[in-house]
Structures are given as C-alpha cells and as structure tokens.
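# Structural characterization, general
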Amino acid sequence: MAASKKPITENPVYKPWSGDYQGLPPFKDIEVEHFKPAIEHSMKMALEGYQKIADNKDAATFENTMVPMEKINLDLERVMILFSIWNSNLSNDKIQAVEKEMAPKLAEFSDQVVQNKKLFERIDTLYKNKKKMTPEQQRLVWDYHQEFVKKGAALNDKQKKRVAEINKRHAELTTQFSQNLLADENEDHLLITDEKNLKGLPDWLVKSAKEEAEKRNKKGWVIANTRSSMQPFVTYCPNRDLREKAFKIWTSRGDNGDKNDNNKIISEILKLRAERSKIMGYESYAHWQLSDKMAKNPKRAMDLMLKVWKPAIKQVDKDVKAMQKIVDKEKGGFKIKPWDYRYYAEKLRADRYDFDMDSVKPYLQLPNIRKAMFWMAKELYGFEFNKVEDIAVYHPDVTVYKVTKKGKTVGLWYFDPYARKGKRSGAWMNAYRIQNRLDGKDIFPIVSNNSNFVKAGDKQTTKISWDDAETMFHEFGHALHGLSSNVTYPSLAGTNTARDFVEFPSQIHEDWLSTPEVLKFLTNEKGEALPKKLIKKLKKAATFNEGFATTEYLASALVDMKLHLLENPDVDPQKFEKKTLKKLGMPDEIVMRHRMPQFAHIFSGEGYSAGYYSYLWSDVLRQDAFKAFLEAKGPYDPKVAKSFQKNILSVGNTIDPSKAYKNFRGRDPKVKALLEAKGFKTL
C-alpha cells in the first residue's frame, strides 16, 4: 500500500511521538509521501478544535480557551517541525513540490484561525479581564491578543478577505524565493581544471574541492556555491580573475537573469507587505513588524544602526588604504574591489600582526570544538552531554546527545554539522519539541544545531575556521536557551521571544570561545595544544576587520529597513539596493552580506523582514551582559551564570524582554560596550 493511502492514524508524521525520552521523532519511518496528508489532516483537526473553543457557550476562561489552544498548537507543531527538518536538511524535488502546494494552504489556515470572530472575542474578553490570572497566564493572553490583532483579527470582513488573499500569495512567493536560491546554490559552482590555480589554497579546501568534483562527475576541482567553500576561496586564492569569478557566482545567487530570478519576486512581495500594513493601520511594513519587538519602532532601530555605521565605514576606509598600499607595493596595478577585500585583508593581518587566520585552523578540530562547548555548558549551567547511539536520525551525519543536570534528563541535542546537496545554507537551531508543563508533567525539550561545514575525507578530522567556531558557539547558545527553558506554556517557552531579543542568548556564548579555559581544548591531530604565541596573536588581532564585518552586515540591515519603510514600494530591487548604498556612503570595496536576491532572512519568510537589525540590537545586550561576568570573577563566575540562566535563559517570553534584562543586569544596556568590543571609538 502506498504511504499516502495508509490511514492517517498510521502516518508517522501525524502520530504522537512514542518511545523513550517522553517520545522521539520517528525519523526512520518517514517518507516524503507522508507529509501532505499529515499536514492537511492536522490543519483540519486544528480548525475543528479552534471552532469547538469558539462555540463554547460557557463564559471564556483561561482553562477553557487558552489551554486547549495551546494543546492544538502543540499537535500542529509536532507535524510541521518534521516537515521543516526535511525541507531544510533533505530537500529535493518531491519535498519542494509539497512545500509549494502546502505554503498557500498553511497561509489560508492561519487566516481562518485569526479571522475567527468568536474565537478572537474570547481572547479579547480574557485580555480585558486578566487580573485574576498568574503573571505567566497574563503574558500568554497578551501574546495571543497581540498576534491576533497584528494579523487582522479586528478588521472588517472586506479587509480580512483582502489580507487573506495577500497572505496566500505572499506564501507562494516566499516559497519560490527560497527554492530559487537553493537551486542556484546546488547547481552553480566554480570548476578548476588547471592544478596551478590551486596555488595558495589551504590543503583542506583543495581536498574538499576534489571530492566535490567527484560527486558531480567533473574532472578537476569544484568550489561549491556555499559560504563554507566560496569565502575561503576568495580569501586565499592569489589568482585575481578566479577570485572575481567565484565572488560573482556567490553574490549572484537569485540574480542570474531568467534563471531562478528572485528580483521580480521581491518586487511583488514588497508591494503585498506594504498594502497589508496599510490595511492594518500602520504607516509602513516596518512599523507593523516592529510594533511588538524590543525596538518598538523603526526610528529606534535606525538610530542604533546609524550610530554604529559611521565608525564602521571610517574603519573600512583606513583598512582599504592600508590594503591598497600592499597592492601598489606588489605593483598590482588595480584598485581594491569586493573580490579582493578578503584576500588583501589577510595580507594586512599578516603585515600588522604577523598572523594568518588559517594558521589556527589545524587546532580547530570539529570534535574538540564540540567538547569545548559541552565543557562550557557544564561549567556555566551544570549541563552534561552524553552521546546516545540507539536513537533514529534522518541522516547518517546526525548524532544525538542526552543532556542531564544533576543526573536528571533535561533534554536531547541533535547535531548535524556537514554541508550536502539539498541542505539550505548557513547555520541554525531547531526546537523539535518545546519544553512545557501544560498537562502538569514537565516535558523536556529536544533541540538541534545544524551547520554547513565542509566534511573531511576518510580517516581525516574535519577542521573549521575561527569564524565557523564562533558560529558553532552562537548556535549552541540558541540550543542552551531552549534547553534552559522553565515555563508552563509552550508558546512562551525557550526561544519563542521577540526577534530582536532572541539573538542575545546566542551571541553572548560566542564570547566563551576565546577564554583560556576553552582554548585548552584546541589541539591539532598530534594532540599539540594551540601555541601560546598564536593565542597571543589571535587576541591581539581580535578586533581586526571589524570594520568590514560590521559594514557588510549593517548594509544589509539598513537596506532591509529602508525597503520596508517605503509606503509605496514600487521599486526595482537592483536599483534600490545600489541607490540606497550610495546614499549611505557604502564603501565601493564591499558588498552587502546578503544582496537582495539572496536575502533569505527577509524574503524566504517574514521572520527577519524589517528585522535584520536584530543582530545588532541583540549585540548591544550581549556586550553589556558579558561585562557583568568580567566585572565579577570572570567569564565563569557561578553567581552571574546562575543569574543569567534564571533571568534570561529560563524565562522564555513569560516577561517583557526589557524587564528580563534589567532583572539580570540591574539596569538598561549601554551601547558603549558594543563600540568598545568592536574597537571603534565611542561616540
């Protein structure tokens, strides 16, 4: 019998999880054909459940309205997280076909829930009469009320109909955007056939390029169209023509004319977002998006970005002049271009500090970085990670660890580190199951970290860059946020916080990578420790290239915000990008970290749209918060760590994030700490 014809009660995607650890994802039983019927039936059952709540003749109470809604959401989320795992890590034509079909249906489903008048009336009644509830219950009612109003629950019927039409079309477009981007990343690459063009490249990159060529049945070496391959290539390749070619392949994703063109998609997305925001009564999409964030409004976000932008581009100007001197000394006969920047930045680093970042890489063995993260988690929060072998996974690369504290299981951590075809680029954290006590039982979380490191060949240990190691600690910070959750209601648990707050717990954990205690874990394959002279150089050069990193990030964040501040965004994406950057004074030698046709953060969904500034906002919190450790007994001060877990990591969205920060720090954060950490002059 075909998988799609089986009774829904036998569908592994739909069935409640069973077995050890309070139930586990049934990865070994899932086939692509299971997803569509499971998603459709889940939506059907959810709508019936919501309608039953809405039709309840009894007066609205927290127990007869909010609790059953939370249970419905948990059931639906169980299905959707499995599809998200396949869609992000194992994408193929079949998965993408399901995504295309389901995206608009899910948008319609969401609108049916939000636009259920009787359901919203019950939530509104509770919102206006929540004094007798616990603080956490009050926060949950507030959260639901905010979401329903923001999505149009209070609109008239004509407005609701148009919003639903917009949401359906928006879902179709964002899905196509992400699929176009993935297609370019999978299909496009740089093929090298002449061995002499491998000169200057790190051995690990040459080996991985050879393996990539073999996978694609190509003769020679293939630099895949992923950040983990392209970025080191343009950093170390001395052949300027090849650097330019590689750079343009990478920065042209989604922008290759008729092939996988995302520009037209962007234009329509922007128009739909602006129209919907006006219907909702907001000045712009950015105002609508920030209405429930820490920043509250676009002006506060813009003010912060511009305050950091100015010293960042000044630093870039200084660095470019120094790099140009190197070019001129070598009689290069050209001006620094974007594909030259990383290459000459490394030369400048070597010139200033007698230090090459690639010299650290032999000591950044992936297993040791993982061990260092585990040690940090135990030292700070008492978590212990132990590998378990008897749990099903969706791919052989994935490993699973049981997380305990004082002998009690507090969660599971899945780790999927390597790049492969069908896996979206970048790095991220997923919550497979969210911590909660909805039924009185303490349900512990299941989380994952996913990356795209280039996997070493047989009998070799995968080594990563320092930036990649920071990314590992960053994403692990998200995982620790989820694992530390200690709330009752799942909608408020773990990383379900404001977008401009959620990056704070992840970013601060990057700071522990460079502590002496963690550096002791960094050894090469011979077991030799990272030399003290390299550690000294690494720390001395810690703020080197911060001008570049901050500028390429902020360029994307500023363009994102300015795009979504437009009241009538009838724009050509390429022209808008170019014009906006010129007006901002963007250095010619740098491009945006994410050019618009590949800006998945803001166009493959709505999570970070008009919200890419969040990383900077959270970084202010991060730098100021880490100072609390340094002002005490150091990075591993037990009292500060306990307070951080109690007031930041464990509370989820049960209290306002600004209040949560004050509970930890005793005051509001100061921007000065961020500027100092980046090596910029304080303003």
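Each remark here, short or long, concerns the structure printed above.
Scoring rules and cut-offs
- Residues numbered from 1 in each chain as written.
- Predicted model: local features only at pLDDT ≥ 70, side-chain atom pairs only at ≥ 80, totals over all residues.
- Heavy atoms only, no water.
- Helix = DSSP H or I, 4+ residues; strand = E, 2+ residues; numbered from the N terminus.
- Contact = heavy atoms within 4.5 Å.
- Polar contact = N/O pair within 3.5 Å; in protein donor to acceptor, adjacent residues only side chain to side chain.
- Buried < 20%, exposed > 50% of the residue type's maximum accessible area, 1.4 Å probe, protein only.
- Salt bridge = Lys/Arg side-chain N within 4 Å of Asp/Glu carboxyl O.
- Pairing = 2+ DSSP bridges.
- Axes fitted to C-alpha atoms, helices over the stretch in contact; angles between N-to-C directions.
- Parallel < 35°, antiparallel > 145°, perpendicular 65-115°, else oblique.
- Left-handed = near helix turned anticlockwise from the far one by under 90°.
- Phe/Tyr/Trp six-rings, centres within 6.5 Å; stacked < 30°, edge-to-face > 60°.
- Expected span 1.5 Å × (residues − 1).

Moving on to the environment of Thr 515. Structurally, Thr 515 can be placed in the loop between helix H16 (499-508) and helix H17 (516-519). Along the chain, Thr 515 and Asn 186 lie 329 residues apart, while their C-alpha atoms are 37 Å from each other. Apart from residues lying up to four places away in sequence, Thr 515 is in contact with Pro 635 and Tyr 636. Among the polar contacts listed, one links the side chain of Thr 515 to the backbone oxygen of Trp 512, at a separation of 2.7 Å.

Positive phi is not limited to glycine here, since Asn 260 has a value of about 50°. Of note, Asn 260 is situated in the loop between helix H9 (240-251) and helix H10 (263-279). Classification of Asn 260 as buried rests on a relative accessible area of 18%. One non-glycine residue, Lys 406, adopts positive backbone phi at about 55°.

On to the pattern of salt bridges, then. For the coordinates displayed, the defined rule picks out 56 salt bridges. Asp 29 serves as the salt-bridge partner of Lys 28, at 3.4 Å between the closest nitrogen and oxygen. Within the structure, one salt-bridge network assembled from shared partners comprises Glu 510, Asp 511, Glu 546, Asp 619, Arg 622 and Lys 678.

Of the two faces of strand S1 (residues 189-192), the one lined by Leu 190 and Ile 192 is fully buried and the one lined by His 189 and Leu 191 carries no buried residue. Note that S1 and strand S2 (residues 221-224) share four bridges and pair antiparallel. Bridge assignment links Leu 190 to a residue of S2, and that residue is Ile 223.

We now examine the packing of helix H15 (residues 466-484) against H16. At a closest axis distance of 6 Å, the pairing of H15 and H16 adopts a crossing angle of 120°. Put simply, H15 runs oblique to H16. Crossing hand, H15 versus H16: right-handed. Counted together, Phe 473, His 474, Gly 477, His 478 and His 481 of H15 and Val 502, Glu 503, Pro 505, Ser 506 and Gln 507 of H16 form the full contact between these two elements.

Turning our eyes to something else, we now look at the side chain of Ser 91. Inspection of the secondary structure assignment puts Ser 91 in the loop between helix H2 (62-89) and helix H3 (93-114). Here Gln 96 takes part through its side chain, which lies 3.3 Å from a polar atom of the side chain of Ser 91. When neighbours within four sequence positions are excluded, Ser 91 is seen to be in contact with Trp 86, Gln 96, Leu 182 and Gly 422.

This part covers the packing of aromatic side chains. Applying the stated criterion to the full structure yields 44 aromatic pairs. For the ring pair Phe 35 and Phe 83, a centre distance of 5.4 Å and an interplane angle of 70° mean the geometry is edge-to-face. One end of the pair, Phe 35, is in helix H1 (residues 35-54); the other, Phe 83, is in helix H2, with 48 residues separating them in the sequence. With a relative accessible area of 0%, Phe 35 lands in the buried category. For Phe 83, a relative accessible area of 6% puts it in the buried group. When the centroid spacing of 4.6 Å and the interplanar angle of 25° are considered together, the rings of Tyr 341 and Phe 548 count as stacked. Taken as a pair, Tyr 341 in helix H13 (residues 338-353) and Phe 548 in helix H19 (residues 546-565) lie far apart in primary sequence, 207 residues in all. Each member of the pair, Tyr 341 as well as Phe 548, carries the same accessibility label: buried. Linked through ring pairs, Phe 501, Phe 504, Trp 512, Phe 626, Phe 629, Phe 644, Tyr 661 and Phe 664 together constitute an aromatic cluster.

A few words now on the environment of Tyr 432. Looking at the secondary structure, you find Tyr 432 in strand S6 (residues 428-433). Judged by its relative accessible area of 3%, Tyr 432 falls in the buried class. Along the backbone, Tyr 432 and Glu 77 are 355 residues apart, and their C-alpha atoms lie at a distance of 8.8 Å. Excluding anything up to four places from it in sequence, Tyr 432 contacts Trp 17, Pro 25, Phe 27, Ile 81, Ile 85, Tyr 394, Tyr 414, Ile 446, Val 447 and Ser 448.

Counted at 1.5 Å a residue, the expected span for H19 with its 20 residues is 28 Å, and the 28 Å between its end C-alpha atoms agrees. The buried count for H19 comes to 16 of 20 residues, which makes it a mostly enclosed element.

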